[in-house]
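# Coordinate inspection notes
Here is what each chain is made of, one letter per residue.
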Amino acid sequence: MPKTLPPPDVRPSRVGFLLIDGFALMSFASAVEPLRAANTIAGRTLYEWFHVSIDGRPTAASSGLSIKPDCSIDGAQDFDIVLVCAGGNPTKFSDRSTMTWLRALARRGVAIGGISGGPYILARAKVLDGYRCTIHWEHAPAFAEAFPHLDLTRNLFEIDRERLTCGGGVAGLDMMQALIRRDHGPELAAKVSDWFLQTNVRLGDSSQRPAARERARLGHPGVAAAIELMERRLREPASRTEIARAAGVSLRQLERLFATHLKTTIERRYLLIRLQRARILLRQTSLPVTQIGADCGFVSLTHFSRVYKQRFARTPSADRRL
């Protein structure tokens, strides 16, 4: 049976949003606004939320807007849920006091979540061990390299017991819909959806990104299948014959399809995919340049550096310093 609203004397759920400098404003708003809507529609306070910063000073979003916190992590309230909102490059965040605070919350049984780049910080704090989790697709390669033992998915969001992780963007709205549905039933969740003109509430196991065909507006299924294989096979690149077999066409036909639909060759497109992945790893991990080159299918550092500079006008080492 649907869960009914709690009696009026039950304490509202207290949600703390730990905002990390450079957090994405849309990701934060997508998570907090459903709570406000739930309160308004229910006619009483089901959720209370608080802005938290590390040191009690205002936190700036990536857009430049600053939010004045209600408290610092040292003076934080007793929360039921804490959600870490981070953007930019979360791999550079390593504040020890924050990690200690998150681990203390976990020991007390507080539900902990991360939005956009937030899951990376949770993983570094070691509070995602043993839980299913997700992160924004841009951070996923670095996350997988840094935390290979974690159960990372590419889903919109994951709610695994007392851990909530979300890819960010508007996916926060979907995750909070699921939270409201769990806490107060499908009727209220549906009304919140209507409030935001959300005609299609996506489930957590929905993919963050469309398939290659839709993402690149590819006009032929064989080309899409070829691109998908290329994106999966980086460390040991597939041969042209394997790619054509995955596309379901002859090699000669696939060459014509790439020329027609992508205005490039199979080899050049494959190289671009590998270089783009290498760039993400260079900027978001501390992995050695040689390892990144090998992980992206380059047989030597010399070759990797040469083709990288040809594409991005700087060497891998120079790009890492940006």
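Worth saying up front: this structure is predicted, and the values here are computed from it rather than measured.

Below, the discussion takes up the overall build of the protein chain. Of the regular secondary structure elements, the protein chain holds 14 helices and 11 strands. The 322 residues of the protein chain split such that 48% are buried. Contacts spanning at least 24 positions in sequence make up 64% of the contacts within the protein chain whose residues lie at least 6 apart. Of the roughly 15,800 Å² of accessible surface on the protein chain, a fraction of 51% belongs to carbon and sulfur atoms.

Turning our eyes to something else, we now look at the side chain of T264. By secondary structure assignment, the location of T264 is in the loop between helix 10 (251–261) and helix 11 (266–284). T264 gets classed as buried once you look at its relative accessible area, which sits at 18%. Those residues in contact with T264 that lie beyond four places of it in its chain are F258, A259 and R269.

A word on the pairing of strand 2 (residues 47–53). Where burial is concerned, most of strand 2 is hidden: five out of the seven residues are buried. Alignment of strand 1 (residues 13–19) against strand 2, held across six bridges, turns out to be parallel. Note that in strand 2 the partner of G16 across the bridge is F50. For the crossover that starts at strand 1, traverses helix 1 (residues 25–42) and ends in the parallel strand 2, the hand is right-handed. Where strand 2 meets strand 5 (residues 71–72), two bridges bridge the pair, whose relative direction is parallel. Opposite S53, over in strand 5, you have S72 as the bridge partner.

Bringing the pairing of strand 6 (residues 81–86) into the picture now. The element strand 6 is extensively covered by neighbouring structure, given that six of its six residues are classed as buried. Both faces of strand 6 are covered, namely the face carrying I81, L83 and C85 and the face carrying V82, V84 and A86. Relative to strand 6, strand 1 is paired through five bridges, and the arrangement is parallel. Among the inter-strand pairings, V15 is bridged to a residue of strand 6, identified as I81. As judged from the six bridges shared by strand 6 and strand 7 (residues 111–116), these two strands associate in the parallel manner. Note that in strand 7 the partner of V84 across the bridge is G114.

Moving on, we get to the sheet that holds strand 7. Here seven strands make up an open sheet; going across it, the order is 5-2-1-6-7-11-10 and the pairing mixed. Looking at the sheet topology across the chains shown, the edges are occupied by strand 5 and strand 10 (157–160). Sheet strands in contact with helix 1 are strand 1, strand 2, strand 6 and strand 7, and its direction is about 150 degrees off that of strand 2.

Within the largest apolar cluster, 32 residues are counted, with the highest numbers of intra-cluster contacts made by F17 and F28. Listing elements by their share of this core, those giving two or more residues are strand 1, helix 1, strand 6, strand 7, strand 11 (163–166), helix 5 (171–184) and helix 6 (186–195). Beyond its immediate sequence surroundings of up to four residues, F17 is in contact with F28, A31, V32, L35, W49, F50, H51, V52, L83 and C85.

Turning to its location among the elements, E158 is positioned in strand 10. A relative accessible area of 5% means that E158 is categorised as buried. One polar contact links E158 to N155, side chain to side chain, over a distance of 2.8 Å. If near-sequence neighbours (up to four positions away) are discounted, E158 is found in contact with R132, C133, T134, T153, R163, L164 and T165.

For S116, which is not glycine, the phi torsion reads 60 degrees and is therefore positive. Here S116 lies in strand 7. Judged by relative accessible area, which is 7%, S116 ranks as buried. Located in the positive-phi region is R161, a residue other than glycine, with phi close to 55 degrees. Mapped onto the elements, R161 comes out in the loop between strand 10 and strand 11.

Time to look at the confidence of the model for the protein chain. Do not read the predicted coordinates in detail wherever pLDDT is low. Considering every residue of the protein chain, the mean pLDDT works out to 87; 90% of them sit at 70 or more. Below a pLDDT of 50 lies the segment residues 204–208, which in the model reaches 17 contacts outside its immediate sequence neighbourhood of four places, other chains included. Here residues 211–216 is a poorly scored stretch, pLDDT under 50, and it has 14 contacts once near neighbours within four places are set aside; other chains count.

What counts and what doesn't
Here the residue index of a chain counts from 1 through its sequence in written order. At least 70 in pLDDT is required for a residue's local features to be given in this predicted model, at least 80 for side-chain atom pairs to be given and counted, and no such filter applies to totals for whole chains, interfaces and linings, which use all residues. Side-chain measures here rest on the full set of heavy atoms in the structure, leaving out hydrogens and waters. Under the scheme used here, helices are H or I runs from DSSP no shorter than 4 residues and strands are E runs no shorter than 2 residues, and both carry numbers assigned from the N terminus. Burial here depends on accessible area, computed with a 1.4 Å probe over protein chains only, as a share of the maximum for the residue type. Under 20% is buried, over 50% is exposed, and the range in between is partly exposed. Between two residues, a contact is recorded if the distance between any of their heavy atoms is within 4.5 Å. Only the protein chains shown count as covering a residue, and every accessible area follows the Shrake-Rupley method with a 1.4 Å probe. DSSP calls a pair of strands paired once it identifies at least 2 bridges connecting them. Handedness of a crossover: with both strands directed away from the viewer, a clockwise path from the first strand across the helix to the second marks it as right-handed. Only the contacting stretch of a helix is used when fitting its axis, a line to C-alpha atoms as for every element, and angles between N-to-C directions run 0 to 180 degrees. To define a nonpolar core, start from buried Ala, Val, Leu, Ile, Met, Phe, Trp, Tyr and Cys residues and group those joined through side-chain atoms within 4.5 Å. Polar contact criterion, stated in full: a pair of N or O atoms within 3.5 Å, where within protein one must be able to donate a hydrogen and the other to accept it, and residues adjacent in sequence count only if both atoms are side-chain atoms. How sure the predictor is of each residue is captured by pLDDT, a score from 0 to 100.

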